[in-house]
Amino acid sequence: RSMLCPVGRRAAASRRLLAFTRRLSSSSEPQSVRNIGISAHIDSGKTTLTERILYYTGRIGAIHEVRGKDGVGAKMDFMELEREKGITIQSAATHCAWGDHDINVIDTPGHVDFTIEVERALRVLDGAILVLCGVAGVQSQSITVDRQMRRYSVPRLAFINKLDREGSDPDAVIGQLRDKLRLNAVAMQIPIGVSGDHEGVVDLLERRALRFSGPGGEEVEEGPVPAGLQAAMEEKRAELLEKLADADEEIAEFYLAEEEPPLGVLRAAIRRQTIANAITPVFMGSAFKNKGVQPLLDGVVSYLPAPTEVTNCALDLDKDEKQVGLTGVSSDPFVGLAFKLEEGKFGQLTYMRIYQGKVGRGDTIQSMAADRRKVRIPRLVRMHANEMEDVESVGAGDIVAMFGVDCASGTTFTDGKTKLSMTSMFVPDPVISLALVPADKNAPNFSKALGRFTKEDPTFRVHTDDESGQTIISGMGELHLEIYVERLKREYGVECSTGNPKVAFRETASTRSKFAYTHKKQSGGSGQFGRVEGYLEPISSDALGQGAYEFDNQLVGNMIPPEFVTAIDKGFREAMLKGTLTGSPVMGMRVVLQDGLAHAVDSNELAFRAAAQGAFKQAMATAKPVLLEPLMSTEVAVPAEFQGTAVALVSQRKGTVNSMEGAEFVTIDADVPLESMFGFSSDLRGVTQGKGEYTMEYKAHVPAPRDKTELMVKKWKEQQAGKSEE
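These numbers were taken from a predicted model, which means no experiment stands behind them.

Participant: Explain the overall build of the protein chain to me, please; I cannot follow it from the model alone.
Facilitator: Each helix and strand in the protein chain was counted, giving 17 helices and 38 strands. The buried share of the protein chain, reckoned over its 726 residues, is 55%. Pairs at least 24 residues apart make up 71% of the contacts formed inside the protein chain by residues separated by at least 6 positions. When the accessible area of the protein chain is evaluated, it comes to approximately 31500 Å², of which 49% is carbon and sulfur surface.

Participant: Help me understand the environment of Asn161 in this model?
Facilitator: Here Asn161 lies in strand S5 (residues 156-161). With relative accessibility at 2%, the residue Asn161 sits in the buried group. Residues within four places of Asn161 in sequence aside, it is in contact with Ser44, Gly45, Val131, Leu132, Cys133, Gly134, Gly285, Ser286 and Ala287.

Participant: Explain the sheet that holds strand S33 (residues 549-553) here, please?
Facilitator: Paired through their backbone hydrogen bonds, the strands of a sheet run either parallel or antiparallel. An order of S31-S32-S34-S33 is seen for the four strands of this open sheet, with the pairing classed as mixed. Every other strand in the sheet has two partners, leaving strand S31 (513-521) and S33 as the edge strands with one partner each. Across the sheet, the axes of successive neighbouring strands diverge by a mean angle of 25°, strand direction being ignored. Strands S31, strand S32 (528-538), S33 and strand S34 (589-597) of the sheet are contacted by helix H13 (residues 565-575), whose axis makes an angle of about 150° with S33.

Participant: Which parts of the structure should I look at to understand the pairing of strand S11 (residues 280-284)?
Facilitator: Looking along a regular strand, one sees the side chains alternate between the two faces of the sheet. When you tally the buried positions in S11, you get five out of five residues, the bulk of the element. Neither face of S11 is exposed, since Thr280, Val282 and Met284 on one face and Pro281 and Phe283 on the opposite face are all buried. Here three bridges tie S5 to S11, and the two strands are oriented parallel to one another. Bridge pairing in S11 links Ala158 to Val282. As defined by bridge partners, strand S6 (residues 185-187) adjoins S11 across three bridges and the pair is classed as parallel.

Participant: Please explain the pairing of strand S15 (residues 347-356) as it appears in this structure.
Facilitator: Most of S15 is tucked away: nine of the 10 residues are buried. Of the strand pairs in this sheet, S15 and strand S22 (residues 399-403) are connected by five bridges, and their pairing is antiparallel. Within the sheet, the bridge partner assigned to Met352 lies in S22 and is Val400.

Participant: Explain the packing of aromatic side chains here, please?
Facilitator: Geometry of an aromatic ring pair is reported as the spacing of the ring centres plus the angle between the planes. The tally for this structure, following the rule as stated, stands at eight aromatic pairs. When the centroid spacing of 4.9 Å and the interplanar angle of 50° are considered together, the rings of Phe453 and Tyr484 count as tilted. Of this pair, Phe453 sits in helix H11 (residues 445-456) while Tyr484 sits in helix H12 (residues 478-492); the two residues are 31 residues apart in sequence, bridging distant segments of the chain. Lying over the aromatic face of Tyr351, Lys340 brings its terminal NZ or CZ to 5.8 Å of the ring centre.

Participant: Any chance you could explain the sheet that holds strand S13 (residues 322-326) here in plain terms?
Facilitator: Sheet architecture is open: three strands sit in the order S13-S12-S24, paired in antiparallel fashion. Where the open sheet ends on each side, the last strands, each with one partner, are S13 and strand S24 (420-422). Across the sheet, the mean angle separating the axes of adjacent strands is 45° when strand polarity is ignored. Here five bridges tie strand S12 (residues 312-316) to S13, and the two strands are oriented antiparallel to one another. Considered in S13, the bridge of Leu315 is made with Gln323.

Participant: Explain the packing of helix H7 (residues 230-247) against helix H8 (residues 249-256) here, please?
Facilitator: To characterise two packed helices, one gives the angle between the axes of the helices and the distance between these axes. Close contact between H7 and H8 brings their axes to 6 Å; oriented N to C, the two are set at 125°. Comparing their axes, H8 and H7 come out oblique. Judged by the twist between their axes, the crossing of H7 over H8 is left-handed. Here H7 contributes Leu241, Glu242, Leu244, Ala245 and Ala247 to the contact with H8, which in turn contributes Glu249, Ile251, Ala252 and Tyr255. Its residues assigned to classes, the contact of H7 with H8 comprises seven nonpolar, no polar and two charged.

Participant: What is the right way to read H8 from this model?
Facilitator: By the burial criterion, the buried members of H8 are Ile251, Ala252 and Phe254. Projected down its long axis, H8 shows its buried positions confined to an angular sector of 160°, all on one face. In H8, the exposed positions that point more than 90 degrees away from the buried face belong to Glu249, Glu253 and Leu256. Among the residues of H8, the N-terminal cap falls to Asp248, whose side-chain oxygen and the backbone nitrogen of Glu250 are separated by 3.1 Å. Directly after H8, the chain includes Glu258, whose backbone phi takes a positive value near 55°.

Participant: Is there a simple way to explain the confidence of the model for the protein chain in this structure?
Facilitator: Caution applies to low-pLDDT parts of the model: their predicted coordinates are not meant to be read in detail. Per-residue confidence for the protein chain gives a mean pLDDT of 83; residues scoring 70 or more make up 89%. pLDDT under 50 marks residues 1-26. Its contacts with residues more than four places away, or in other chains, come to 36 contacts. Here residues 67-73 scores under 50 on pLDDT; set against residues more than four positions off or in separate chains, the count is nine contacts.

Participant: Sorry, what's going on with the packing of helix H9 (residues 263-275) against helix H10 (residues 293-303) here?
Facilitator: Put simply, H9 and H10 touch, their axes get as near as 9 Å, and they point 75° apart. Here H10 runs roughly perpendicular to H9, going by the angle between their axes. Of the residues in H10, those in contact with Arg267, Ile270, Arg271, Thr274 and Ile275 of H9 are Val301, Ser302 and Tyr303. For the contact of H9 with H10, the per-class residue count stands at four nonpolar, two polar and two charged.

Participant: Looking at this structure, I do not really get the environment of Asn553. What am I missing?
Facilitator: Mapped onto the elements of the fold, Asn553 is located in strand S33. Overall, the relative accessible area of 40% leaves Asn553 in the partly exposed class. C-alpha of Asn553 to C-alpha of Gly534: the two residues are 19 residues apart in sequence and 9.5 Å apart in space. Non-local contacts of Asn553, meaning those with residues more than four positions away in its chain, are made with Val565 and Leu593. Separated by 3.1 Å, the side chain of Asn553 and the backbone nitrogen of Leu555 make a polar contact.

Participant: When you look at the nonpolar core in this model, what are you seeing that I'm missing?
Facilitator: Considering soluble globular proteins, one finds that nonpolar side chains tend to be buried as a cluster. Formed by 75 residues in total, the largest nonpolar core has its most connected members in Leu49, Ile103, Ile129, Leu177 and Leu244. Those residues within four positions of Ile103 in sequence are excluded, and the remaining contacts are Arg34, Ile36, Thr94, His95, Cys96, Trp98, Leu297, Val300 and Val301. Counting residues in hydrophobic clusters, the runner-up holds 41 residues, among them Val431, Ala449, Val638 and Val666.

Conventions adopted
- Here the residue numbering is sequential within each chain, running from 1 through the sequence in written order.
- The predicted origin of the model limits local features to residues at a pLDDT of at least 70 and limits the giving and counting of side-chain atom pairs to 80 or more, whereas totals for whole chains, interfaces and linings rest on all residues.
- Side-chain numbers come from the whole structure's heavy atoms, not from hydrogens or water.
- Helix and strand definitions here come from DSSP, where helices need a minimum of 4 consecutive H or I residues and strands a minimum of 2 consecutive E residues; each element is numbered from the N-terminal end.
- Residue exposure (1.4 Å probe, protein chains only): buried if accessible area is under 20% of the type maximum, exposed if over 50%, otherwise partly exposed.
- Here a residue-residue contact requires only that any non-hydrogen atoms of the pair lie within 4.5 Å.
- Methods summary: accessible areas were calculated by the Shrake-Rupley approach with a probe of 1.4 Å, and residue burial reflects only the protein chains presented.
- Two strands are counted as paired when DSSP detects at least two bridges linking them.
- In this analysis an axis means a line fitted to C-alpha atoms, helices contributing only their contacting stretch, and an angle means the value between N-to-C directions, from 0 to 180 degrees.
- Any Phe, Tyr or Trp ring, taking Trp's six-membered ring, that has another such ring centre within 6.5 Å forms a pair; planes under 30 degrees apart are called stacked, those over 60 apart edge-to-face, and the others tilted.
- By the criterion adopted, a ring carries a charge over it if an Arg CZ or a Lys NZ lies within 6 Å of its centre and within 35 degrees of its normal.
- Relative orientations are named as follows: roughly parallel for angles under 35 degrees, roughly antiparallel for angles over 145 degrees, roughly perpendicular for angles from 65 to 115 degrees, and oblique for any other angle.
- By the definition used in this description, the sense in which the near helix is turned from the far one sets the handedness, with an anticlockwise turn below a right angle giving left-handed and a clockwise turn giving right-handed.
- Classes in brief: Ala, Val, Leu, Ile, Met, Phe, Trp, Tyr, Cys and Pro nonpolar; Asp, Glu, Lys and Arg charged; the others, Gly included, polar.
- Of all possible arcs, the one meant is that of the directions from the helix axis to the C-beta atoms.
- Polar contact criterion, stated in full: a pair of N or O atoms within 3.5 Å, where within protein one must be able to donate a hydrogen and the other to accept it, and residues adjacent in sequence count only if both atoms are side-chain atoms.
- Every residue gets a pLDDT, meaning the predictor's confidence in that residue, from 0 to 100.
- We define the nonpolar core as a collection of buried residues of types Ala, Val, Leu, Ile, Met, Phe, Trp, Tyr and Cys that are connected through side-chain atoms lying within 4.5 Å of one another.

Given below as structure tokens:
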């Protein structure tokens, strides 16, 4: 196919945009809808890939780069901070069409600090594209994203990107998908050249070569497979059939009979097993060089599920939260989930996935939260990054946004005919805190901004410190909190200074310890009396701090009336909020209640709560308490010449190196205490001439070294002594 002239290219772009606009006004059947997320490790090319998808589907008329010289920036990175830093901070949604199919796309962040954006996107999506760098392969956040996909059973395609880069090796990346992620990865293509020689891909199913020409790669040229790749193609195609035969019975019959399956049967089997999460089809190319994106779009339509092909369940609130399946049919009663909130210039914007039924502008829907409030939808829009397109109604399987609907993230809405609620999503706990001090203490927007941020982001927490009276913000990492401090300044005009980062230390018991505590108080009239006996112990003696809190009631008889057991449990929970070593919360503990005593008149819930709190302090005194600190799973990527320097830097920060991989670009996997990681980014850039990068993710709380424990305990005692003197 010949390349288009400039006038022809402009005309083609106009035709694509016109065709898309016509499709936008009509509501699609669920069978022709695909809801997909694009997820990966930071700097793997997710946003660049999304930009090409939007261009080839006619959604945008020109391509702009993440850090482009034209100053426009990629469409999906619409926040000013995103364009400045060259990273995705918020997930962004858009809607496009490929052939006869409508595709809802959510581009998610790759940085671990913004992992909640990936979590809530995958919660409502039917399929995903896992993007991998052709050089670095499977990285730390690739593993996290894969774990999130497994949590919600999301079928995925893999796209090996950046094959134009020196050192790219798609075969090695496929090996990592199998070894590190335990995915049954099957190559659908092989590259025509890599690095500077990358021209296109070979389609293994149809045994054809695909090359991409034109300024934007919009021209797909089909041709015969180069002679030098014939043998490699047949070898990889045989491997594809073998792996598919292991997963699919129909293909296994052809394979055992040594017959070639028809192309239609082969495609149907790949689709069947992809949706079942039995295989992961692997596509490849270079989004930046405009190669391999159109076949990937064909793969999305051919192999990822329609909304009706995914099992979605809800809880029936009228039947003791019995699990019921949702049909995904537009004619059934409406069920939708509000999964993301944004504060826009027109008020709160609520993103909603429609699982069943349909909804239109002006309809009244009912919240399944505690208040069961009914709300009217004044405006319904489809999102295109930060642009909105009004729609009158949408059906099952669609993703839209509503204005004027005040709710919390994770709220289920129905039409009131059913009382169904979707299951909640996983929200990780924050690992780092900062004291936040506004320059103007009377700034009216300070509280408003923090209220908005906590509503938008479940991993961003705010509380006031009881001792200092300071506002404390908590989040998933330094960058996470830094972004919110910057947003306070830019969006609300509130300048803030921050204190030193505060690590989330915890405490636990290292051995079993008995308690026998009596709470007795007499002050005229009826008093308070409660006695509890039992023991507390670590949930796991091998991994101290593992788990949160367990309460085991082993009472025999009615020495303590059953109605007071809940109060005892509550008393222990309250006592665990402040440990005896440093005042840090206690975790990884099991409390066993064996015996006790109650008084006919003086015993009440308050007395037994106080008895439990006293028993906790009594037992912890002999339980050999241990201070726990957060350990971060850290991945450092540096050019090979800086490997020794990077390892030394990790060791200086009390890190343990677990493994090192790579030739030209080395990836160092290590476990490092969070407290040692502050300022690591600037130090790493300094010793690697700006070429090194790292990511870290919370792994576990582990016992802190003795010298650190002694220092923290001494500091805590001095603080307490100072309070007593006051």
